Every structure is written in structure tokens, then in C-alpha cells.
Amino acid sequence: MIKILAACGAGVNSSHQIKSALEQEMGNRGYEVQCDAVMVKDINEDMISHYDIFAPIAQTDLGFNINIPIVDCGPILYRIPMMADPVYNQMEETIKSLGK
Amino acid sequence: MTHLFNEQATFVSDKKTQLEVFKEVSQKLLDLDLVTQDFEKNLIDREKNYPTGMDLEIVNPLLKNIAIPHTEPEFVKAKLIVPIKLNQPITFSNMIKPDELLEVSYLFMILNNDPEGQANLLAMIMEFLTSTSPETLTDFFTLTDTKEINQFLEHQFKINN
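Residues numbered from 1 in each chain as written. Chains lettered and ligands numbered in written order. Predicted model: local features only at pLDDT ≥ 70, side-chain atom pairs only at ≥ 80, totals over all residues. Heavy atoms only, no water.

Let's hear about the UniProt feature "domain: Phosphotransferase system EIIB component type 2/3" (unreviewed entry) in chain A: which residues, and what values?
The sites that carry the UniProt feature "domain: Phosphotransferase system EIIB component type 2/3" (unreviewed entry) are, in the present numbering, residues 3-93 of chain A. A helix fraction of 35% and a strand fraction of 19% characterise residues 3-93 of chain A, whose end C-alpha atoms lie 15 Å from each other. (UniProt positions renumbered as here; feature names shortened; annotations may be inferred. Helix = DSSP H or I, 4+ residues; strand = E, 2+ residues; numbered from the N terminus.)

Hey, could you go over the packing of helix H1 (residues 14-28) of chain A against helix H3 (residues 81-98) of chain A for me, with residue numbers and the actual values?
All names here are of chain A. Close contact between H1 and H3 brings their axes to 11 Å; oriented N to C, the two are set at 65°. As judged from the angle between their axes, H1 and H3 are roughly perpendicular. As for the relative orientation of H1 and H3, their crossing is right-handed in sense. Here Ala21, Leu22, Glu25 and Met26 of H1 lie close against H3, whose contacting residues are Tyr88, Met91, Glu92 and Ile95. Looking at side-chain class alone, the contact of H1 with H3 contains six nonpolar, no polar and two charged residues. (Axes fitted to C-alpha atoms, helices over the stretch in contact; angles between N-to-C directions. Parallel < 35°, antiparallel > 145°, perpendicular 65-115°, else oblique. Left-handed = near helix turned anticlockwise from the far one by under 90°. Contact = heavy atoms within 4.5 Å. Nonpolar A, V, L, I, M, F, W, Y, C, P; charged D, E, K, R; others polar.)

Quick one: what's the story with the sheet that holds strand S3 (residues 65-67) of chain B, residue by residue and with numbers?
Within a sheet, neighbouring strands are paired by backbone hydrogen bonds and run either parallel or antiparallel to one another. Residues and elements named next belong to chain B. In spatial order, the strands read S1-S4-S5-S3-S2; together these five strands make up an open sheet with mixed pairing. Each of the sheet's edge strands pairs with one partner strand only, and the pair in question is strand S1 (11-13) and strand S2 (53-54). In the sheet, S3 pairs with strand S5 (residues 101-112) via three bridges, with the strands oriented parallel. Residue Ile66 lies in a different strand from S5, and its bridge partner there is Tyr106. (Pairing = 2+ DSSP bridges.)

An account of the sheet that holds strand S3 (residues 53-56) of chain A is needed here, citing residue identities and associated values.
Residues and elements named next belong to chain A. Read from one edge to the other, the open sheet built from three strands follows the order S2-S1-S3, with strand pairing classed as parallel. Edge positions in the sheet fall to strand S2 (33-39) and S3, since each of these pairs with one other strand and no more. Each adjacent strand pair in this sheet contributes to an overall mean axis angle of 25°, direction not counted. Where strand S1 (residues 2-8) meets S3, four bridges bridge the pair, whose relative direction is parallel. Looking across to S3, one finds that Ala6 is bridged to Ala55. Each of S1, S2 and S3 is contacted by H1, which is oriented at about 175° to S2, the strand it contacts most. Lying on the sheet, H3 is in contact with S1, S2 and S3; it crosses S3 at an angle near 165°.

Give me the lowdown on the interface of chain B and chain A, citing residues and values where you can.
Contacts between the two partners involve 24 residues from chain B and, on the opposite side, 20 residues from chain A. When the buried area of chain B at its contact with chain A is split by residue, B:Tyr50, B:Ile96 and B:Leu122 rank highest and sum to 24% of it. Applying the counting rule to chain B against chain A returns one salt bridge. Across the pair B:Glu127 and A:Arg79 runs a salt bridge, and its minimum N-O distance is 2.7 Å. In this assembly, chain B and chain A are joined by five residue pairs in polar contact (both at pLDDT 80 or more). (Buried area = accessible area lost by both parts, 1.4 Å probe. Salt bridge = Lys/Arg side-chain N within 4 Å of Asp/Glu carboxyl O. Polar contact = N/O pair within 3.5 Å; in protein donor to acceptor, adjacent residues only side chain to side chain.)

I'd like a rundown of the pairing of strand S4 (residues 79-93) of chain B, residues and numbers included.
Direction of pairing for S1(B) relative to S4(B): parallel, over a ladder of three bridges. Along S4(B), the bridge assignment pairs B:Phe11 with B:Ile84.

Go over the side chain of A:Asp52 with me, naming the residues and quoting the values.
Residues and elements named next belong to chain A. With respect to the secondary-structure elements, Asp52 resides in the loop between helix H2 (45-48) and S3. Residue class for Asp52 comes out buried when judged on its relative accessible area of 14%. At a separation of 2.7 Å, a polar atom in the side chain of Asp52 contacts the main-chain amide nitrogen of Lys3. Setting aside chain neighbours within four positions, we find Asp52 in contact with Met1, Ile2, Lys3, Ile68, Pro69, Leu98 and Lys100. (Buried < 20%, exposed > 50% of the residue type's maximum accessible area, 1.4 Å probe, protein only.)

How would you explain the state of the cysteines if you had to name every residue and give the values?
Residues and elements named next belong to chain A. Going through the model one piece at a time under the given rule, you end up with zero disulfides over all chains. Free cysteine Cys8: the closest other cysteine sulfur is in Cys35, separated by 11 Å. For Cys8, a relative accessible area of 3% corresponds to the buried category. Here Cys73 is not disulfide-linked; the sulfur of Cys35 is the nearest cysteine sulfur, at 7.8 Å. (Disulfide = S-S within 2.5 Å.)

And the structure:
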């Protein structure tokens, strides 16, 4: 099981869309993925330490070093392959690199 | 499914800045009891820290850029998409590249007091913008009658979802 932390400003629209898109697409590609959607301001070092991959909308400064792989997922929000597929591919490569 | 749009909460704005249009719309949404008193302040703060502009020219050069301003569920009393046609384009930062500025001609403000619900309003908006033909969208972007805007969107979102 790969745990992904999706985050956006309000924790309500974008991060939830990224959560459902990642769970569906990574599931289709044969990976068991669980994704949580939160507000950026609620993230701390302890929270992020419980996840394998960080999936923000755009480059995000959390005020501390992030020690897990980061995949910027904003382009997924467009819901068209031209934008979303490169992100899915990068996510898949990142999952593989975890060696879980 | 309940209505995703409300004619009274459909706007055509002559405002020239984010702040002006956010204040105008927030006040009317407050009068309609769709948001709380603190909505306006939180909407403004959130847009500053986490911008919501979306570049649609990369989808199709014929399309105008949009933004999807929104804030946390606690300041919102409904699940609704609030269309706001801007008669003059307003600058927004790009949601997925915050350093980039976009000239935005339409806002789809999202009121969402139910983030865990099945209907993802943002997904529906993007589905609408990427699956409707650019010619139809271009016509839609010129509508200035809130009733027509509302009817068009209600109809189009029914087709898509």
C-alpha cells in the first residue's frame, strides 16, 4: 500500500479531485494507493512522515524540509490526457522507485 | 441531483480588480444567505496565498482563461457553482504555476460545504470546459444576461454529468 498526501489551499476542491484521480488511475495501473486530501496549512513534519509521496497542486513551501518524494499534481485538474498523463507517469515512476 | 447553479447567484461584473469583484460578489452571496460573514475575508486571503487562475489557452487558444476562487467549507452554506462573467479581464496568478500571471475573463466561484460528497464541482467545471466545443464556449463567454448564462450552464452540465 502506497500512501499519498494530496494538499491544496482550502483542502476541499483541488486536493479531493487529485485524490480520486490518483486512486483511480494508479489503481488502473495495478498499484494499491491510498490518498488523503488536506489543507496545506495543516501539514507538519509529523503528518508528512506517515506518507510515501507528497502530491501538492504546485510547488509548495511548507517551511521545513520534505523528506519524501514530491510530485506536483496540478495538471491533473485539467482532466485531459495531454495535461494529466505526464503527471500520472511521473507518479508511477515515483511509486516504482519506492521499491515497496 | 440538486441545482448546481442559482440565477440570483450568477453575475456579470464591471469591476477591474480581484478585490473589487470579490467584495461585490461576497456581499451578494451574504445577502442570499449562501455564505457566512467571514467568507469575503477568507476568500481574499486564500486567493493571495493559493491562487486559482487556470490557463485555458493551453487547452485551446480560442478559450479565455478562468479562475475558480473558493475557500474552506466552514464559511459556506451551500454546494453551488457561482458563474461571474468579467466584462474587463482581471489578473490572477496561475494555480499550478503561482509565479505566472493570467488575464482571466470568467470566474467559476465554488461554494462547497460538503467536500466528502460524491459531486466534485471542480471536476464538473473542468469537464464542461474541456468537453464543450470551443465555438460553443466562445458564444457562452459573450452572454451578458444572467438568466441566459444560468440556463446555458444548467443545460450543459446536465449533458456532461
